[in-house]
Protein chains: 2
Amino acid sequence: MQSLIGLFRARNFSRTSKQVRHFAKPAQTQVHKISVKREGIEGLKVSKMSNEFNREQLESVLKRRFFFAPSFDIYGGVSGLYDYGPPGCAVQANIVDTWRKHFVHEEDMLEVDTTMLTPYEVLKTSGHVDKFADWMCRDLKTGEIFRADHLVEEVIEARLKGDKLARGHSTESADAEKDKKKKNRKKKVKEIKVEKLDDELVKEYETILAKIDGYSGEELGELMVKYKIGNPATGEALEAPREFNLMFETHIGPSGALRGYLRPETAQGQFLNFEKLLDFNNEKMPFASAAIGKSFRNEISPRSGLLRVREFLMAEIEHYVDPENKSHPKFDAVKDLKLDFLPRDIQEAGKTEPIKMTIGEAVSKKVVDNETLGYFLGRIYLFLMKIGIDPAKFRFREHMQNEMAHYAADCWDGELLTSYGWIECVGCADRSAYDLTVHSRKTGEKLCVRQMLPEPKVVEEYDCEIEKKKFGPKFRRDAPKVEKWLLSQSQEELEDLVKELAANDKIVAKIPDITTGEVEIPGDFVKILKKKKTVHVREYIPNVIEPSFGIGRIIYCLYEHSFWTRPEDSARAVLSFPPSVAPTKVLLVPLSSNAALQPVVKDVKEHLRSAQIPFKVDDSSASIGKRYARNDELGTPFGITIDFDSLKDHSVTLRERDSTKQVRGSLDEVITAIKGITYKGLSWEEGVKNLVPFEAQSEE
Amino acid sequence: MQSLIGLFRARNFSRTSKQVRHFAKPAQTQVHKISVKREGIEGLKVSKMSNEFNREQLESVLKRRFFFAPSFDIYGGVSGLYDYGPPGCAVQANIVDTWRKHFVHEEDMLEVDTTMLTPYEVLKTSGHVDKFADWMCRDLKTGEIFRADHLVEEVIEARLKGDKLARGHSTESADAEKDKKKKNRKKKVKEIKVEKLDDELVKEYETILAKIDGYSGEELGELMVKYKIGNPATGEALEAPREFNLMFETHIGPSGALRGYLRPETAQGQFLNFEKLLDFNNEKMPFASAAIGKSFRNEISPRSGLLRVREFLMAEIEHYVDPENKSHPKFDAVKDLKLDFLPRDIQEAGKTEPIKMTIGEAVSKKVVDNETLGYFLGRIYLFLMKIGIDPAKFRFREHMQNEMAHYAADCWDGELLTSYGWIECVGCADRSAYDLTVHSRKTGEKLCVRQMLPEPKVVEEYDCEIEKKKFGPKFRRDAPKVEKWLLSQSQEELEDLVKELAANDKIVAKIPDITTGEVEIPGDFVKILKKKKTVHVREYIPNVIEPSFGIGRIIYCLYEHSFWTRPEDSARAVLSFPPSVAPTKVLLVPLSSNAALQPVVKDVKEHLRSAQIPFKVDDSSASIGKRYARNDELGTPFGITIDFDSLKDHSVTLRERDSTKQVRGSLDEVITAIKGITYKGLSWEEGVKNLVPFEAQSEE
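Reading the values: rules and limits
- Residues numbered from 1 in each chain as written.
- Chains lettered and ligands numbered in written order.
- Predicted model: local features only at pLDDT ≥ 70, side-chain atom pairs only at ≥ 80, totals over all residues.
- Heavy atoms only, no water.
- Helix = DSSP H or I, 4+ residues; strand = E, 2+ residues; numbered from the N terminus.
- Buried < 20%, exposed > 50% of the residue type's maximum accessible area, 1.4 Å probe, protein only.
- Contact = heavy atoms within 4.5 Å.
- Pairing = 2+ DSSP bridges.
- Expected span 1.5 Å × (residues − 1).
- Arc of directions from axis to C-beta.
- Axes fitted to C-alpha atoms, helices over the stretch in contact; angles between N-to-C directions.
- Left-handed = near helix turned anticlockwise from the far one by under 90°.
- Least-squares fit on C-alpha atoms with pLDDT ≥ 70 in both.
- Domains from an automatic or database assignment.
- Buried area = accessible area lost by both parts, 1.4 Å probe.
- Polar contact = N/O pair within 3.5 Å; in protein donor to acceptor, adjacent residues only side chain to side chain.
- UniProt positions renumbered as here; feature names shortened; annotations may be inferred.
- Phe/Tyr/Trp six-rings, centres within 6.5 Å; stacked < 30°, edge-to-face > 60°.
- Lys NZ or Arg CZ within 6 Å of the ring centre and 35° of its normal.
- Nonpolar A, V, L, I, M, F, W, Y, C, P; charged D, E, K, R; others polar.
- Core = buried A, V, L, I, M, F, W, Y, C linked by side-chain atoms within 4.5 Å.
- Salt bridge = Lys/Arg side-chain N within 4 Å of Asp/Glu carboxyl O.

## Side note on the overall build of chain A
Phase 1 of the analysis: Scanning chain A from N- to C-terminus turns up 24 helices and 29 strands.
Phase 2 of the analysis: Buried positions account for 57% of the 700 residues belonging to chain A.
Phase 3 of the analysis: Here the contacts in chain A between residues at least 6 apart in sequence split such that 72% fall between residues at least 24 apart.

So this is what it looks like as structure tokens:
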């Protein structure tokens, strides 16, 4: 999630990226009406006729069944903030639980829970205070604020569309166009002006769109002037773009003196605890820490519903590894997975067709930088499959060189295909030693690993000696800062200082914490000499491989991937979650409200409760079919029907959501089947093999 | 948690309360060195000699084993912010999981996840913007800031202590005193001046301490002047106390125009979704919503470690109930639980000895207001017992009349005894219809229940008719607000307006949203008449019973309640968590590092993993005893030892943490025993009844 949640460091400190990538456009245009074909619960081979995917219908189901709702709805809502209702909240809890088992437990990771409130100093050091920003521009007349890159993109897209319509090239009818506008209600450009453009201009516009992620604020400003891009509603010119930091600022404590922010990622809290974690791990390397928690991003003008929000759940892993050895002991377990890779060179050639290859191949061909990175790509894929992501709508896209921070060795995004295009949902980056290095240098705490060498080694190293008594009189209260700075220089930096001293007999430097300007250290204050040393310990700052998950985005993509409507009735929607992810596992349906059935209902409830299977009872007077239809929308995978035969032989009927197939057996057999399929990964066939097929009544 | 997390509403909008209650003082003085007697895992009747509880030793274990650490430690830390390391994080996850099963699943509650960022309007309506504050006073010379009530209390306590020492009354030696000072390192009063006071003054001081929770800011200021209470370090007078709002403020969006706060509780997010939740519940009453999430409180000067923090995890339930029927269908399940109650009248009589009675008795005698409140008190107690709280250190304390909000029907705090005194960890309040009413009135959205009457009823009700066309010319753009206000008046309020009209032929009122002052509505603008109506539906705003849990506080209390040291060696500390709460369930210990044992270790690991039992391997070269001692500090309940006999017959040894008893059996038998004890609530005896007692080697 480097470029999205993992932020600026992924983008050469430039700015946050966009969800819908331009080089993905060809796919995106097809995707708005992609066909959804479901196989039902894994192993249940039911081929379905499929209706076209309809985002409006999905959103209507999600809101009606309270998967989510705008926060503070009765107060008019606040854009970019959403609440999860009971089913959304349960899906989230199940996904977090699966994540924790799949990563933290299975990989022995060290989970931590660190605070969201973060003091200024920490985020200044990490670079967020200076660089975690988007470009915004203001309409000085109306007070409206636009995100500059989004605005330029949207206006140019609209003009190109108008041109196409004028040329009669559009594949979409005017009606479909209107329809689309309704779906993107928050678009700034309300009307498409049908107007033919110069061929030359069309080409310029297309080039701009292809490069839209890479422009600086100044460049965006120039484009806005050159192409007369202003407020789409009034046409008025806007103020030049300026940086807007995306962190929420606050003050800690009563004095107002301690500035703080809400964290933009969980990673920093993990890095700061590195020493304690290494100690907890008995100094063993490699190891990983992990954190699940909310992070915050003050978006300029959030759109795209659940995909771009101001408060979101992340799950991040920081895997600390020896920079000289990035192999992974469990690499064999994933090396034969065949995945879609979209490497940098393919994108640079302007193509979007991924290559299918195994992870083993990708690493051996250096498409993926190292084994540990490759291992996590595999684990990420397996996790997403476990929770129900459609493998046909998944790819790993490598970051372009200009998207990556200068220190990053490699970075891949796990992208999911939706009606909004390809969405970055998981990032997996090699962050090198950057974060531990900057925090270590700032605080003077060594964040490093000490490894006993098999035998002592003689090395020649620069050593810095200072004439301590000269510092006080010259630098006064800054003296300790200057001394600390000199003594914390790395070997490479010392080498540079030696050259500087040889040339000028002084060192001139900008020292952190000294705000009064550059400091001049005379040559006789310091001696930097090469010395031979016998070394018993190798000391190194580990590199960090960081898989970072945007849980909210994954959840939204899962909703799209799981949604379909019954071919026989397009109004009957189904959310085909895997049973382990489904909010509720069982709907309990008494066939009639006859009092005779009540004791059986009570008995079944008690059994389900003691088996810890989440269930709901629907004893309303609606027809069986209506009751099931309601729960298909909630994604409930199983139905248990209690009828008058249940009174005689304690048997019940078990219904499967996707196929609507039914089987019959004793309550114990049915519970065993549900547990097997939900928690032990059995297929429907395996799970119900001892149960008797049951002639389903029509579901109406 | 009304007075702590549930905040001001519990304190008549006065201010937040204190953890250590004064009327609990007699207990508190005994408690600093309370004896800890452990029974081991439930059912394992091992009586232990016990050492005295030592908070410093506990804190040293918690920090050494990274249960927690100050956040941003390498940056010097920020007071009131703590990170949980891997064991603390796992304890928290297990407690949250237990909470969710115990409340949400077992009671069919509707869990929601709402945002922490909250706009100003919402918290203005709820009352937090105006009243969620503490009194602070500033030292204008040094810039130091003190929380007024804490300062007055601490200074007076120190003076009384000095008086006691001067009179030779102290039971504590000077050494113990020094010791205590060290333990409360952050105390403002650094030195106790030994000085005898007038008997009269001692009495005045004692009265002040007894009433310290009830003073207004002005009163605190008067006390500070009268008794010359200033900066304890310098003796200098301080600025008069002023209110400091405890919410963290921020701005949402780029314009800075939308003020927001970090929520001080999860409750408001639940109330705002009331209509959607009722709809989700198919309009059935009663029902409950629940939320687990972080809340924030900008403490003036947090002390007491994990007990008073600025960012904390809460779990809150809002149970919506018909105000005319607060019975509970499952009340019978808890009515025979016998608990310690400290009702209001006992406290008012200056006593602290609780009454032991059943919940049934408490409700029937009206000690507890109603069945639903009583039911939740029982469920709270059962939850705390499940996670390992010591029943002998638990009580329910009723709020005093002046602690409660005017609208509250009743409020009880679940308090836990620790070395800091009695700590409020769970609040359980009847909040009446307050919150739903204020939000409904502010937004104009009806937050109410509509219930079909068994038969239509004729009622006489006030009806308000307005002369719409007169409002525009007089009130101009405020007209809609005035109209809305008139039409949203309740029957009681309409009755008052009728009287006002009769007396003055006009209505003068302060209308929310109209900031320009009072509004005068002439008598001919409005007609309020009693009318007969046939009513088919009863409409009511439900009352809310709110159990509210401070998870972080509960965790700290659990640490104290679980901590003891082995009688034979006071340096060997144990944390006796119940297996379900323990961070790791099993420590896997190969007896030797001999390669021959490796395949068995691998096999056991795979079995434990597939049984989903969290475990750790310790194959270090330390002695078995040392390895177990380390894990006793982590609270790991079981140890599996692999020795050379394991190679022959695949048997392993199972060790129980508290008793250090060992049994032997096949790996499958041992795993079954662990699962039974950890997840199915079996006692150790029940769990291992098929296994063979094993002669334990000495653990050294």
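## What about the environment of A:Ile380?
All names here are of chain A.
Phase 1 of the analysis: Its location among the elements puts Ile380 in helix H14 (residues 371–386).
Phase 2 of the analysis: What makes Ile380 buried here is its relative accessible area of 0%.
Phase 3 of the analysis: On a C-alpha basis, the gap between Ile380 and His102 in space is 9.4 Å, while along the polypeptide they are 278 residues apart.
Phase 4 of the analysis: Excluding its chain neighbours within four sequence positions, the residues that come into contact with Ile380 are Phe103, Phe396, Val426, Cys428, Pro547 and Phe549.

## Quick look at the pairing of strand E28 (residues 662–666) of chain A
Residues and elements named next belong to chain A.
Phase 1 of the analysis: Burial within E28 is extensive, with four of its five residues counted as buried.
Phase 2 of the analysis: In this structure, strand E27 (residues 651–656) lies alongside E28, joined through five bridges in antiparallel fashion. Bridge assignment links Ser651 to a residue of E28, and that residue is Ser666.
Phase 3 of the analysis: Hairpin connection of E27 to E28: five residues between the antiparallel strands, including Thr660 at a positive phi of 55°.
Phase 4 of the analysis: Pairing of E28 with strand E29 (residues 692–694) involves three bridges; the strand directions are antiparallel.

## What about helix H18 (residues 491–504) of chain B?
Residues and elements named next belong to chain B.
Phase 1 of the analysis: The terminal C-alpha atoms of H18, which comprises 14 residues, lie 20 Å apart, in line with the 20 Å expected from a rise of 1.5 Å per residue.
Phase 2 of the analysis: What H18 keeps buried is the set Leu494, Leu497 and Leu501. Axial view of H18: buried residues confined to an arc of 55°, hence all on one face. In H18, those exposed residues whose orientation departs by more than 90 degrees from the buried face are Glu492, Lys499, Ala502 and Ala503.
Phase 3 of the analysis: On its buried face, H18 is in contact with strand E17 (449–466), helix H17 (479–487), strand E18 (506–509) and strand E20 (526–540).
Phase 4 of the analysis: With its phi angle positive at about 55°, Asp505 sits one or two positions after the end of H18.

## Digging into the packing of helix H6 (residues 148–167) of chain B against helix H9 (residues 217–226) of chain B
All names here are of chain B.
Phase 1 of the analysis: Two elements in contact, H6 and H9, have axes separated by 10 Å at closest approach and are oriented at 35°. Taken as a pair, H6 and H9 cross one another with a handedness that is left-handed. Seen from H6, the contacting residues are Ala148, Asp149, Leu151 and Val152; seen from H9, they are Leu220, Leu223 and Met224.

## What about the relation of the copies chain B and chain A?
Phase 1 of the analysis: The two copies are related by a screw motion: chain B maps onto chain A through a turn of 180° and a shift of 0.0 Å along the axis, at an RMSD of 0.1 Å. Classification of the inter-copy transformation places it as that of a two-fold axis. Proximity to the rotation axis, assessed at the C-alpha, singles out B:Thr250 in chain B; its C-alpha lies 2.6 Å from the axis.
Phase 2 of the analysis: When the interface residues of chain B are mapped onto chain A, 97% of them again fall at the interface, so both copies present the same face.

## Considering the domain arrangement of chain A
Residues and elements named next belong to chain A.
Phase 1 of the analysis: For chain A, the domain assignment lists domain 1 (63–114 + 263–434), domain 2 (116–132 + 247–262), domain 3 (136–245), domain 4 (456–540) and domain 5 (584–693).
Phase 2 of the analysis: The straight-line distance from the C-alpha centre of domain 1 to that of domain 2 is 25 Å.
Phase 3 of the analysis: Taken residue by residue, the interface counts 12 residues in domain 1 and 12 residues in domain 2.
Phase 4 of the analysis: Of the roughly 1,100 Å² buried where domain 1 meets domain 2, counting both sides, 72% is carbon and sulfur surface.
Phase 5 of the analysis: Among the residues of domain 1 in contact with domain 2, Arg263, Pro264 and Phe296 are the three that bury the most area, contributing 46% of the side total.
Phase 6 of the analysis: At the boundary of domain 1 and domain 2, one finds one residue pair in polar contact (both at pLDDT 80 or more).
Phase 7 of the analysis: Of all the secondary-structure elements, those providing two or more residues to the side of domain 1 that touches domain 2 are helix H10 (267–272) and strand E10 (287–296).

## Considering the sheet that holds strand E25 (residues 615–617) of chain B
Residue and element names in this part refer to chain B.
Phase 1 of the analysis: Pairing is mixed in the open sheet, where six strands are placed in the order E25-E24-E26-E27-E28-E29. Because the sheet does not close on itself, it has two edges, and the strands there are E25 and strand E29 (692–693).
Phase 2 of the analysis: As defined by bridge partners, strand E24 (residues 586–590) adjoins strand E26 (residues 638–642) across five bridges and the pair is classed as parallel. Note on E26: the bridge partner recorded for Leu587 is Gly639.
Phase 3 of the analysis: Helix-sheet contacts for helix H23 (residues 667–679) involve E24, E26, strand E27 (651–656) and strand E28 (662–666), and the interaxial angle to E28 is about 125°.

## Comments concerning the UniProt feature "domain: Aminoacyl-transfer RNA synthetases class-II family profile" (unreviewed entry) in chain A
Phase 1 of the analysis: Residues given the UniProt feature "domain: Aminoacyl-transfer RNA synthetases class-II family profile" (unreviewed entry) here are residues 218–567 of chain A.
Phase 2 of the analysis: Secondary structure content for residues 218–567 of chain A is 29% helix and 34% strand, and the end C-alpha separation is 52 Å.

## Thoughts on the packing of aromatic side chains
Phase 1 of the analysis: Under the counting rule described, the total for this entry stands at 52 aromatic pairs over all chains.
Phase 2 of the analysis: The interplanar angle of 55° and the centroid separation of 5.3 Å between the aromatic rings of A:Phe103 and A:Phe549 together place this pair among those described as tilted. You can see A:Phe103 sitting in helix H3 (residues 86–105) and its partner A:Phe549 sitting in strand E21 (residues 543–550), a full 446 residues away along the chain. Both residues of the pair, A:Phe103 and A:Phe549, belong to the buried class.
Phase 3 of the analysis: These aromatic residues form a ring-pair network of at least three members: A:Phe341, A:Tyr381, A:Phe394, A:Phe396 and A:Trp412.
Phase 4 of the analysis: One cation-aromatic arrangement involves B:Arg395 over B:Trp422; the distance from NZ or CZ to the ring centre is 4.1 Å.

## Here's the deal with the packing of helix H2 (residues 55–64) of chain B against helix H19 (residues 551–562) of chain B
All names here are of chain B.
Phase 1 of the analysis: Where H2 meets H19, the axes come as close as 10 Å, and the angle between the chain directions of the two elements is 115°. In this structure, the crossing between H2 and H19 has a hand that is right-handed. When H2 is examined against H19, the residues Arg55, Leu58, Glu59 and Leu62 are found in contact with a partner set consisting of Tyr556, Tyr559 and Glu560.
Phase 2 of the analysis: Counted by class, the contact of H2 with H19 contains four nonpolar, no polar and three charged residues.

## Looking at the nonpolar core
Phase 1 of the analysis: If you look at the biggest cluster of nonpolar residues, it comprises 133 residues, and the most contacted ones within it are B:Trp99, B:Phe341, B:Leu384, B:Phe549 and B:Tyr559.
Phase 2 of the analysis: Per-element tally for this core: the top contributor is helix H14 (residues 371–386) of chain B, with eight residues.
Phase 3 of the analysis: Other than its neighbours up to four places away in sequence, B:Leu384 contacts B:Ile389, B:Phe394, B:Leu416, B:Val426 and B:Ile554.
Phase 4 of the analysis: The next biggest cluster of nonpolar side chains, apart from the first, holds 74 residues, and it includes A:Val61, A:Leu62, A:Phe103 and A:Ile551.

## Quick look at the pattern of salt bridges
Two side chains that carry opposite charge are able to pair once their charged atoms sit near each other.
Residue and element names in this part refer to chain A.
Phase 1 of the analysis: One pass over the structure, following the stated rule, counts 116 salt bridges over all chains.
Phase 2 of the analysis: A salt bridge links Asp340 to Lys356, with the shortest nitrogen-to-oxygen separation between them at 2.9 Å. A residue pair is termed long-range when its members are at least 10 positions apart, and Asp340 in strand E12 (residues 338–342) and Lys356 in strand E13 (residues 355–358) qualify at 16 residues.
Phase 3 of the analysis: In this structure, Arg630 and Asp618 form a salt bridge, with 2.6 Å as the shortest nitrogen-oxygen distance.

## Some thoughts on unusual backbone geometry
Phase 1 of the analysis: The peptide bond linking A:Met285 to A:Pro286 adopts the cis configuration, its omega dihedral lying at -15°.
Phase 2 of the analysis: For A:Pro286, the location among the structural elements is in the loop between helix H11 (274–280) and E10.
Phase 3 of the analysis: Even without glycine at this site, B:Phe66 takes up a positive phi of about 55°.
Phase 4 of the analysis: For B:Phe66, the position within the fold is in the loop between H2 and strand E1 (68–70).
Phase 5 of the analysis: Exposure remark for B:Phe66: the relative accessible area of 2% places this residue in the buried category.

## Observations regarding the pairing of strand E16 (residues 421–430) of chain A
All names here are of chain A.
Phase 1 of the analysis: Across the 10 residues of E16, 10 count as buried, placing the element largely inside the fold.
Phase 2 of the analysis: Here nine bridges tie strand E15 (residues 410–418) to E16, and the two strands are oriented antiparallel to one another. Counterpart to Leu417 in the pairing with E16 is Trp422.
Phase 3 of the analysis: Linking E15 to E16, which pair antiparallel, is a turn of two residues.
Phase 4 of the analysis: With five bridges joining them, E16 and E21 adopt antiparallel strand pairing. Counterpart to Asp430 in the pairing with E21 is Ile545.

## Regarding the environment of A:Phe312
All names here are of chain A.
Phase 1 of the analysis: As for its position among the elements, Phe312 is in strand E11 (residues 311–321).
Phase 2 of the analysis: When its relative accessible area of 10% is taken as the criterion, Phe312 is described as buried.
Phase 3 of the analysis: On a C-alpha basis, the gap between Phe312 and Val589 in space is 36 Å, while along the polypeptide they are 277 residues apart.

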